[in-house]
Amino acid sequence: MSFEHRKTRALELLSNTGMARSHYAPPLIRLLWKAGVQVPPPHFQSFLRTALGMGLWFGMFWGLIMWFFFWSRPDAATPLSPLAALMAACAAGSLFGIAMASVYARDRRKHELPAWTALDEQQSPGNSLD
């Protein structure tokens, strides 16, 4: 089965759960899809892959924003060295990634979503051949 067919089926299942679209297809994932990157929706990724993906993006952007607006300024209340800033960004990214992966794993169990590869065997309600 093609990636696009699995993605369509996954988004249909997620939509039927009543979740907000921004939760099951977050802007970062939609941006990756537009760029041609074939990444499953977060609910269909492994815990580790979700934690790494979410944590890396968050840590990188949060760290850059904090560096330019707070930590690198000489008049800042708590200026940080580049190494300390990198460590803080890594810690924040790790915590955010684990938290988001936990949320997606909880939703996956709550809504009894199938595995990404199991979407091949399932058919959409309107696509039966009977």
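Please read these numbers as outputs of a predicted model, since none were measured by experiment.

(A) Seen up close, the packing of aromatic side chains. Scanning the model with the defined rule gives six aromatic pairs in all. Ring geometry for F58 versus W62: centroids 6.4 Å apart, planes at 15°, classification stacked. Note that F58 and W62 are positioned in helix α4 (residues 47-71) at a spacing of four residues, about one turn of the helix. Taking the relative accessible area as the measure of exposure, F58 reaches 30% and is therefore partly exposed. Under the relative-accessibility criterion, W62 is labelled partly exposed at 27%. Taken together, the aromatic side chains of F58, W62, W71 and F96 make up a single cluster linked through ring pairs. In this arrangement the basic side chain of K7 is found over the ring face of W33, its NZ or CZ atom lying 4.4 Å from the centre.

(B) Inspection of the packing of α4 against helix α5 (residues 82-110) at higher detail. Where α4 contacts α5, the two axes come as close as 6 Å, and the packing angle between them is 140°. By the angle between their directions, the pair α4 and α5 is classed as oblique. The two elements α4 and α5 meet at a crossing, and its hand is right-handed. Across the contact of α4 with α5, the residue classes tally to 18 nonpolar, seven polar and no charged.

(C) Inspection of a nonpolar patch on the surface at higher detail. A cluster of nonpolar residues, W57, M60, F61, L64, I65, F68, F69 and F70, forms a patch on the protein surface that exposes about 850 Å² of accessible area. Mapping L64 onto the fold places it in helix α4.

(D) Focus on the layout of surface pockets. Size it by volume and the largest pocket reaches roughly 310 Å³. Residue lining of the largest pocket: 19 residues in total, with G55, G59, A89, C90 and G93 positioned closest to the centre. At the level of elements, α4 and α5 are the ones that each hand at least two residues to the lining of the largest pocket. Among the elements that take part in the lining of the largest pocket, α4 stands out by supplying 11 residues, more than any other. One number sums up the size of the second largest pocket: a volume of about 170 Å³. Lining the second largest pocket we find L28, I29, L32, V39, P42, Q45, R49, T50, G53, M54 and W57. Elements that contribute at least two residues to the lining of the second largest pocket include exactly α3 (27-34) and α4.

Criteria and thresholds
Residues numbered from 1 in each chain as written. Predicted model: local features only at pLDDT ≥ 70, side-chain atom pairs only at ≥ 80, totals over all residues. Heavy atoms only, no water. Phe/Tyr/Trp six-rings, centres within 6.5 Å; stacked < 30°, edge-to-face > 60°. Helix = DSSP H or I, 4+ residues; strand = E, 2+ residues; numbered from the N terminus. Buried < 20%, exposed > 50% of the residue type's maximum accessible area, 1.4 Å probe, protein only. Lys NZ or Arg CZ within 6 Å of the ring centre and 35° of its normal. Axes fitted to C-alpha atoms, helices over the stretch in contact; angles between N-to-C directions. Parallel < 35°, antiparallel > 145°, perpendicular 65-115°, else oblique. Left-handed = near helix turned anticlockwise from the far one by under 90°. Nonpolar A, V, L, I, M, F, W, Y, C, P; charged D, E, K, R; others polar. Patch = residues over 30% accessible without salt bridge, like charges linked within 9 Å, V, L, I, M, F, W, Y side chains within 5 Å. Areas by Shrake-Rupley, 256 points an atom, 1.4 Å probe, with all protein chains shown as cover. Salt bridge = Lys/Arg side-chain N within 4 Å of Asp/Glu carboxyl O. 1 Å grid on protein atoms, 1.4 Å probe; cavity = no way out; pocket = protein on both sides within 12 Å on 5 of 7 lines; lining within 4 Å. Points joined across faces, edges and corners; volume = space filled by probe spheres on them.

Scope: geometric values only; no functional claims are made or implied.
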